[in-house]
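Reading the structure
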Amino acid sequence: MTRRSGRVVDEALSAGAVARRLGVAVTTLRTWHQRYGLGPSEHVPGHHRRYTPTDLARLEIMRRLTAEGVSPAEAARWARQAPDPTPNGTVAPTRIHPTGRDGGGTIPVGRAGPAARGLARAAMRLDAAAISETIGHALAASGVVATWEGLLRPVLAGIGERHAATAGLIDVEHLVSRCVSEALAAASRAKVPTGPARILLSCADEEQHTLPLEALAAALAEAGVSYRMLGARVPVAALVEAVNRTGPAAVVLWSHTRATADPVQLSALLAAPRRPLLVLAAGPGWRADTLPAGVVRPVDLAEAVSLSAAVRDSLDQSRRD
Ligand code: B12
């Protein structure tokens, strides 16, 4: 930025002052200047270059993103894209989140493989066709459990991580959720099991995180196990009513957050007139030390599938005997 007004000059800061404000070393500022072009832009003849409010706002973005684990090169790209100052001479850094609008930013996927990285990139671009294609291929090639563990779970967890750090990515989260739901539903429809539905899948009251249950539904379909899916936000009275009407061998009750993990829901299932053989409390919401006796907590999708299949088999066997 060139010199624009006396006020900008007045507000311009020395490297030391900027370093103190941001809580970084002056040498870090120098590195960001030399390597990534995030330097002071105000030049008053005869003085050291000074940092303007725009420079400061960009450096604040740089500091925040690097602290969140974004690589310096990428953080600098975001910082340089920061809009010009608002009329009062400041930039609003909170508006600058790496969302998918122009394809920038990253979703961390840990050690997950290239497919997960590709899915994460497609997610950041909000490229629904590529997202659906990647998930569809994986489901066809590797099956539901491997696709969930190796592809979907890392990307979903990465989106959650980014969201927690930046409060952004809500658009990405919604689009990916929808694509995952559609792909899992298509996989479930492709292999509809025969026989009575002995497994009841339900979210806890007010619980809207349905994707893990949808993954379970697709995995059960793949394994030839019939189920009924009640979906999101099932009040406990409705759940008990469904149990009494359908007499399932197992009920899987999903809670993703502490807020929806009221163990009373599990106790109600255990006290139902047609008490299921197995009550599974699935999801990270449940606290092991508050579960009523007799409730089982699966560790992952594969275990939820095998427990459901085993209890279905044992009920079918007892009905034959
Ligand atoms: C997608 C998503 C949404 C979507 C859900 C869409 C859908 N149809 O499911 C929408 C947009 C609706 C949503 C809403 C909200 N969300 Co949300 N969401 C997520 C996200 C990104 C992924 C959820 C998911 O499917 N995870 C699946 C895997 C990744 O979870 P996991 O815990 O690793 O699961 C393992 C274990 O549970 C274990 N396991 C044990 N038993 C079993 C059994 C089975 C069958 C399976 C499959 C697995 C399993 O294995 C799993 C791995 O497979 C998470 C981030 C995250 N880390 O989960 C946030 C997250 C869960 N959401 C969060 C929040 C805060 C919300 C909202 C409150 C936001 C809001 N302010 O409105 C609402 C909640 C509404 C409600 N009352 O439920 C927070 C929860 C924080 C907390 N711990 O309390 C998270 C962690 C994001 C974050 N970091 O802030 N969300």
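The paragraphs below set out a description of the structure included in this document. Note that the coordinates shown come from a computational prediction; the quantities given were computed from them, not determined experimentally.

Digging into the site of the ligand
Surveying the vicinity of the ligand reveals 30 residues, the closest of which are Trp148, Glu206, Gln208, His209 and Thr210. In this structure, an oxygen atom belonging to the ligand sits 3.0 Å away from a side-chain N or O atom of His256. Mapped by element, the contributors of at least two residues to the shell around the ligand are α8 (144-166), α9 (170-190), α10 (211-222) and α13 (301-320). Residues that form the shell around the ligand fall into these classes: 14 nonpolar, 10 polar and 6 charged.

Things to note about the packing of helix α7 (residues 128-142) against α8
The geometry of α7 relative to α8 is characterised by a closest axis approach of 7 Å and an angle of 135 degrees between their N-to-C directions. Taken as axis vectors, α7 and α8 run oblique relative to one another. Note that α7 runs across α8; the crossing there is right-handed. Here Thr134, Ile135, Ala138, Leu139 and Ser142 of α7 come into contact with α8, specifically with Val144, Ala146, Thr147, Leu151 and Leu152. Of the residues contributing to the contact of α7 with α8, the split by class is 7 nonpolar, 3 polar and no charged.

Remarks on the pairing of strand β3 (residues 250-254)
For β3, a buried count of 5 out of 5 residues is recorded, marking the element as mostly surrounded by other parts of the structure. Judged by which residues are buried, β3 turns out to be covered on both faces: Ala250, Val252 and Trp254 on one side and Val251 and Leu253 on the other are all buried. Of the strand pairs in this sheet, strand β1 (residues 199-203) and β3 are connected by 5 bridges, and their pairing is parallel. By the bridge assignment for β3, Ile199 is matched with Ala250. In terms of strand pairing, β3 meets strand β4 (residues 278-282) through 5 bridges, oriented parallel. When the sheet's bridge partners are listed, Ala250 is paired in β4 with Leu278.

Observations regarding the sheet that holds strand β2 (residues 227-231)
Taken in spatial order, the 5 strands of this open sheet run β2-β1-β3-β4-β5, and their pairing is parallel. On the outer flanks of this sheet lie β2 and β5 (295-296), each paired with one strand and no other. Where β1 lies against β2, 4 bridges are found, and the strand directions are parallel. Opposite Leu200, over in β2, you have Arg228 as the bridge partner.

Looking at unusual backbone geometry
Backbone geometry at Leu126 places phi at a positive 55 degrees, although glycine is not the residue there. Take Leu126: it is sitting in the loop between α6 (114-124) and α7. Residue Ala167 is not a glycine yet carries a positive backbone phi of 65 degrees. Considering the arrangement of structural elements, one finds Ala167 in the loop between α8 and α9.

Re α7
Along its 15 residues, α7 runs 21 Å from first to last C-alpha, staying within 8% of the 21 Å computed at 1.5 Å per residue. Burial in α7 covers these residues: Ala130, Ile131, Ile135, Ala138 and Leu139. When α7 is viewed along its axis, its buried side chains cluster within an angular range of 165 degrees and face the same direction. Of the exposed residues in α7, those oriented more than 90 degrees away from the buried face are Ala129, His137, Ala140 and Ala141. The inward-facing, buried residues of α7 contact α6, α8 and α9. Once α7 ends, the next one or two residues include Gly143, with phi positive near 85 degrees.

About the cut-offs
Residues numbered from 1 in each chain as written. Predicted model: local features only at pLDDT ≥ 70, side-chain atom pairs only at ≥ 80, totals over all residues. Heavy atoms only, no water. Near = heavy atom within 4 Å. Polar contact = N/O pair within 3.5 Å; in protein donor to acceptor, adjacent residues only side chain to side chain. Helix = DSSP H or I, 4+ residues; strand = E, 2+ residues; numbered from the N terminus. Nonpolar A, V, L, I, M, F, W, Y, C, P; charged D, E, K, R; others polar. Axes fitted to C-alpha atoms, helices over the stretch in contact; angles between N-to-C directions. Parallel < 35°, antiparallel > 145°, perpendicular 65-115°, else oblique. Left-handed = near helix turned anticlockwise from the far one by under 90°. Contact = heavy atoms within 4.5 Å. Buried < 20%, exposed > 50% of the residue type's maximum accessible area, 1.4 Å probe, protein only. Pairing = 2+ DSSP bridges. Expected span 1.5 Å × (residues − 1). Arc of directions from axis to C-beta.

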